[in-house]
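# Secondary and tertiary structure notes
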Amino acid sequence: MTESRFQARHILITGGGGEIGQAAAERLTAEGAHVSLLDIDGDKLAAAAARLAELGNAPRTYACDITDAAAVADTVAQVIDDGGPLVGLFNNAGYQGAFAPVQDYPGDDFARVMQINVVGAFNVLQRVSRAMITAGRGGAVVNTASMAGLSGPPNMPAYGTSKAAIIGLTQTAAKDLAPHDIRVNAVSPGFIGPGFMWERQVEQQASVASPYYADEPDAVAAQMIASVPMRRYGRLDEIASAVAFLLSDDASYMTGTNLPLSGGGA
Ligand SMILES: NC(=O)c1ccc[n+]([C@@H]2O[C@H](COP(=O)([O-])OP(=O)(O)OC[C@H]3O[C@@H](n4cnc5c(N)ncnc54)[C@H](O)[C@@H]3O)[C@@H](O)[C@H]2O)c1
């Protein structure tokens, strides 16, 4: 690890109260960044901030719903007022949605998933990239997609669609922002655990009567792990490492890519 890779760099992390957001915050601050955390959930933000403070780096925190474009505009302006120009964005907030086959999937939840995972990510990317262009110092963005956006997991039509859209947004934004020296890449985590999303997807897939998974969570977990060539789920710090790489100058000639973090799984 290069301790000074992000020395004095201000990086915004959305979903900063969540598991992957926190892991990235820890990694980036350990390498010298000062991070600002944004999340809709004030309690999660407070817990994440307390944990980082214990490690010696209390971040600024911002409660904001990324689906509210006006609130995102105000919050991004405040983040920059408080912490200085942003040179990095980990655009990571997300929602897994319901689990049901497409023919039964609740329409209101489909809209909610798209609103958070796609429109919300767009709102943040637009505001931060505008500010980066104005500041004229370039920058780097990492969007959190998912293997679900590449593989079409059963019973997750909204989530898979939303993450495929994030890969598309990453590719277009990379082209639009390259003239401003702003790189845009994505990471696609596969099965990551242990943690909330892992437990939830194992339980939810078990609860949906489908030909793809068993009806008991431990059996579903075993099926999922068996589908991964490396025969284990990924750790949060393994996601954080890839995010740090893509945000750093070590990835200075990479833009528009989507990095699968899946132990070889499709
Ligand atoms: N954990 C996994 O297995 C996995 C796999 C692939 C992709 N991902 C993606 O990684 C990202 C982070 O997920 P995680 O695993 O840390 O889950 P998490 O639930 O711990 O974190 C997600 C965070 O996003 C926040 N959030 C949700 N809606 C929001 C909104 N409208 N405005 C602002 N914040 C909002 C939540 O409060 C939460 O803190 C998500 O985009 C998720 O889809 C996770």
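Going by the annotation in an unreviewed UniProt entry, the name recorded for the chain is Oxidoreductase, with Salinisphaera japonica YTM-1 given as the source organism. Per its UniProt entry, the chain bears the Sequence similarities (unreviewed entry) comment "Belongs to the short-chain dehydrogenases/reductases (SDR) family."

### Some details on the nonpolar core
Judged by nonpolar contacts, the single largest core of 28 residues is most densely connected at Leu12, Ile66, Val128 and Val184. Where this core is concerned, the elements lending two or more residues are α3 (69-83), α4 (107-135), α6 (157-177) and β6 (182-189). In contact with Leu12, other than residues within four places in its own chain, are Ser36, Leu38, Val76, Val79, Leu86, Gly88, Leu89, Phe90 and Val128. In terms of nonpolar packing, the next biggest core, distinct from the first, is built from 26 residues, Ile13, Leu28, Leu45 and Ile239 among them.

### Re the site of the ligand
What surrounds the ligand is a group of 26 residues, the closest being Ile20, Asp39, Asp65, Asn92 and Tyr159. In the environment of the ligand, an oxygen atom lies 3.3 Å from a nitrogen or oxygen atom belonging to the side chain of Lys44. Contact between the ligand and Cys64: a nitrogen atom at 3.5 Å from a main-chain N or O atom of the residue. Where the shell around the ligand is concerned, the elements lending two or more residues are α1 (19-30), α6 and α7 (196-207). Here the shell around the ligand is composed, by residue class, of twelve nonpolar, eight polar and six charged. Looking at which domains feed residues into the shell around the ligand, each of domain 1 (10-190 + 235-260) and domain 2 (191-233) supplies at least three.

### A closer look at the domain arrangement of the chain
Each domain of the chain was delimited in the assignment, giving domain 1 (10-190 + 235-260) and domain 2 (191-233). Here the C-alpha centroids of domain 1 and domain 2 sit 25 Å apart. On the domain 2 side, the residues contacting the 18 residues of domain 1 number 16 residues. A buried area of about 1400 Å², summed over both sides, lies between domain 1 and domain 2, and 53% of it is on carbon and sulfur atoms. The tally of links between domain 1 and domain 2 comes to one salt bridge. Salt-bridge contacts for Glu238 lead to Arg232; the nearest nitrogen and oxygen are separated by 2.8 Å. Our count for the contact surface shared by domain 1 and domain 2 stands at eight residue pairs in polar contact (both at pLDDT 80 or more).

What counts as what
- Residues numbered from 1 in each chain as written.
- Predicted model: local features only at pLDDT ≥ 70, side-chain atom pairs only at ≥ 80, totals over all residues.
- Heavy atoms only, no water.
- UniProt positions renumbered as here; feature names shortened; annotations may be inferred.
- Core = buried A, V, L, I, M, F, W, Y, C linked by side-chain atoms within 4.5 Å.
- Buried < 20%, exposed > 50% of the residue type's maximum accessible area, 1.4 Å probe, protein only.
- Helix = DSSP H or I, 4+ residues; strand = E, 2+ residues; numbered from the N terminus.
- Contact = heavy atoms within 4.5 Å.
- Near = heavy atom within 4 Å.
- Polar contact = N/O pair within 3.5 Å; in protein donor to acceptor, adjacent residues only side chain to side chain.
- Nonpolar A, V, L, I, M, F, W, Y, C, P; charged D, E, K, R; others polar.
- Domains from an automatic or database assignment.
- Buried area = accessible area lost by both parts, 1.4 Å probe.
- Salt bridge = Lys/Arg side-chain N within 4 Å of Asp/Glu carboxyl O.

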